[in-house]
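Results of the structural survey
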Amino acid sequence: MTEERLDALIIGGGPAGLTAAIYLARYRRRILVVDAAESRASWIPRSHNHAGYPDGVTGPELVANMRAQAERYGARIERGSVETLEKDEEGFIARTDGGHAVAARTVLLASGVIDREPGLPNLYQAVQKGLIRQCPICDAYEVIDHRIGVIGHGAGTLGEALFLRNYSPDVTMLTLGKPMELEEVDRRRMEKAGIRAVIDPVAEVHTEEGRIVALTTEAGDRLTFDTLYSGLGADPRTGAVMALGPLTAADGRLSVDRHQQTSVEGLFAAGDVVEGLNQISVGMGQAAIAATAIHRRLAVADGKL
């Protein structure tokens, strides 16, 4: 991809990575964004809680606009993925899936997470129609008083169901055949909130008029919902950096300091790959902090600050 020593390599071309690219390009830094084109933002049918878009914005539209803005200021964005990352005397050497070596003084990881998706047919189409949602914080307001199904089991899924219970009196947990795996205290919380559970596996998924979701269980029961949420959690995309031994949180996401630097000197992280709240606005804010910290770090090292 490049033989020169970059000021910064950005891994990931979603909202966090592109925000950092915009900042660093405007700081007149030599940067490269390596984008695997797998941002979970591209799955968003329309977000209504992203500031500045009162009528909402689709994920693909937001990402395309940010990419164009970064490129306007000279940011280079190339398709690919970083397979390995190593430290050297001047920074880092990254190797891509295309076999290229990329040398950079600093690295910003903005690779996000991979949602644990339910094993249901036509998943992408259902997400695009808003029938299977990923983020109650983002769009619970749009499902007030809907019949809501939350897919998953365990305390994490119950937490999402309890959050959604503030928006609707009709919330059901769907374990897809898995045991509930709840402590007694959580079972009492679930019962008090009036949340029911369906343990039977799902045999078939139905859509009607682009807005109704119905599930048929293996027992033959037909369950109808207005909206389904996946509450199975997500796994961070940290594989490329783990050989460097960065500190992580209990969920595997990266721990960072107030400048978004990991425990590895010169390695920064922003967005959903970092422990904290999975929100586009949070990731963008973290990216701005990280980009500015990278710029200042390099300026000090070069005797310009």
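Here's what I pulled together on the structure shown here.

What counts and what doesn't
- Residues numbered from 1 in each chain as written.
- Predicted model: local features only at pLDDT ≥ 70, side-chain atom pairs only at ≥ 80, totals over all residues.
- Heavy atoms only, no water.
- Helix = DSSP H or I, 4+ residues; strand = E, 2+ residues; numbered from the N terminus.
- Contact = heavy atoms within 4.5 Å.
- Disulfide = S-S within 2.5 Å.
- Buried < 20%, exposed > 50% of the residue type's maximum accessible area, 1.4 Å probe, protein only.
- Core = buried A, V, L, I, M, F, W, Y, C linked by side-chain atoms within 4.5 Å.
- Phe/Tyr/Trp six-rings, centres within 6.5 Å; stacked < 30°, edge-to-face > 60°.
- Pairing = 2+ DSSP bridges.
- Expected span 1.5 Å × (residues − 1).
- Salt bridge = Lys/Arg side-chain N within 4 Å of Asp/Glu carboxyl O.
- Patch = residues over 30% accessible without salt bridge, like charges linked within 9 Å, V, L, I, M, F, W, Y side chains within 5 Å.
- Areas by Shrake-Rupley, 256 points an atom, 1.4 Å probe, with all protein chains shown as cover.

1. Regarding the environment of V113
Here V113 lies in strand β7 (residues 113-115). Non-local contacts of V113, meaning those with residues more than four positions away in its chain, are made with R40, A234, D235, P236, R237, R253, D272, V273 and N278.

2. Notes on the state of the cysteines
Across all of its chains, the model carries 1 disulfide by this definition. With a sulfur-sulfur separation of 2.4 Å, C135 is cross-linked through a disulfide to C138. On the sign convention where negative means left-handed, the S-S torsion of about 75° between C135 and C138 marks this disulfide as right-handed. A residue is classified by how much of its surface remains accessible, and C135, at 17% relative accessible area, is buried.

3. Some remarks on the nonpolar core
One finds I10, A21, L24, I31, L108 and I294 to be the most contacted residues of the largest nonpolar core, which totals 29 residues. Of all elements in the fold, only β1 (5-11), α1 (15-26), β2 (31-35), α2 (59-72) and α7 (280-301) reach the threshold of two or more residues within this core. Take this core: its biggest share by element is 7 residues, from α1. Residue contacts for I294: discarding those within four places in its chain leaves A8, L24, T106, L108 and F268. If you look at the next biggest cluster of nonpolar residues, it comprises 21 residues, including L9, V34, V107 and V241.

4. Quick look at the packing of aromatic side chains
Evaluation of the coordinates by the stated rule reveals 2 aromatic pairs. A centroid spacing of 6.3 Å and a plane angle of 70° characterise the contact between Y23 and Y27, whose relative ring orientation is edge-to-face. Overall, Y27 belongs to the partly exposed group, its relative accessible area being 26%. Their ring planes at 40° and their centres at 5.7 Å tell us that F163 and Y167 sit as a pair that is tilted.

5. As for the sheet that holds strand β8 (residues 132-133)
Within the open sheet, the 5 strands sit side by side as β8-β15-β9-β10-β11. Their pairing is parallel. Two strands in the sheet have a free side with no partner beyond their single neighbour: β8 and β11 (196-198). Bridge count for strand β9 (residues 147-151) against strand β10 (residues 170-174) is 5 bridges, and the pairing is parallel. Opposite G149, over in β10, you have T172 as the bridge partner.

6. Regarding the environment of A234
By the secondary structure assignment, A234 is in strand β16 (residues 234-236). Accessibility expressed as a relative area gives 24% for A234, which makes it partly exposed. With 18 residues separating them in the primary sequence, A234 and G252 have C-alpha atoms 10.0 Å apart. The residues contacting A234, other than those within four sequence positions of it, are V113, I114, D115 and R116.

7. A short note on α7
Spanning 22 residues, α7 covers 31 Å between terminal C-alpha atoms, matching the ideal 32 Å at 1.5 Å per step. Of the residues making up α7, those classed as buried are G283, Q286, A287, A288, A290, A291, A293, I294, H295, L298 and A299. Buried residues belonging to α7 abut β1, α1, β6 (101-109) and β17 (267-269). Looking one or two places after α7, you find G303, whose phi comes out positive at around 70°.

8. Here's the deal with the pattern of salt bridges
Summed over the entire model, instances satisfying the criterion amount to 18 salt bridges. R29 is the salt-bridge partner of D7, the closest N and O atoms lying 3.7 Å from each other. Taken together, the residues D7 in strand β1 and R29 in the loop between α1 and β2 connect sequence positions 22 residues apart. The partner of R105 in a salt bridge is D7, with the nearest N and O atoms 3.5 Å apart. Taken together, the residues R105 in strand β6 and D7 in strand β1 connect sequence positions 98 residues apart. Via salt bridges that share partners, D7, R29, R30, R105 and D302 belong to a single interconnected network.

9. Here's the deal with a nonpolar patch on the surface
The grouping of I137, F163 and L277 at the surface amounts to a nonpolar patch, some 250 Å² of accessible area in total. Assignment of secondary structure puts I137 in helix α4 (residues 136-139). You can call I137 partly exposed: its relative accessible area is 44%.

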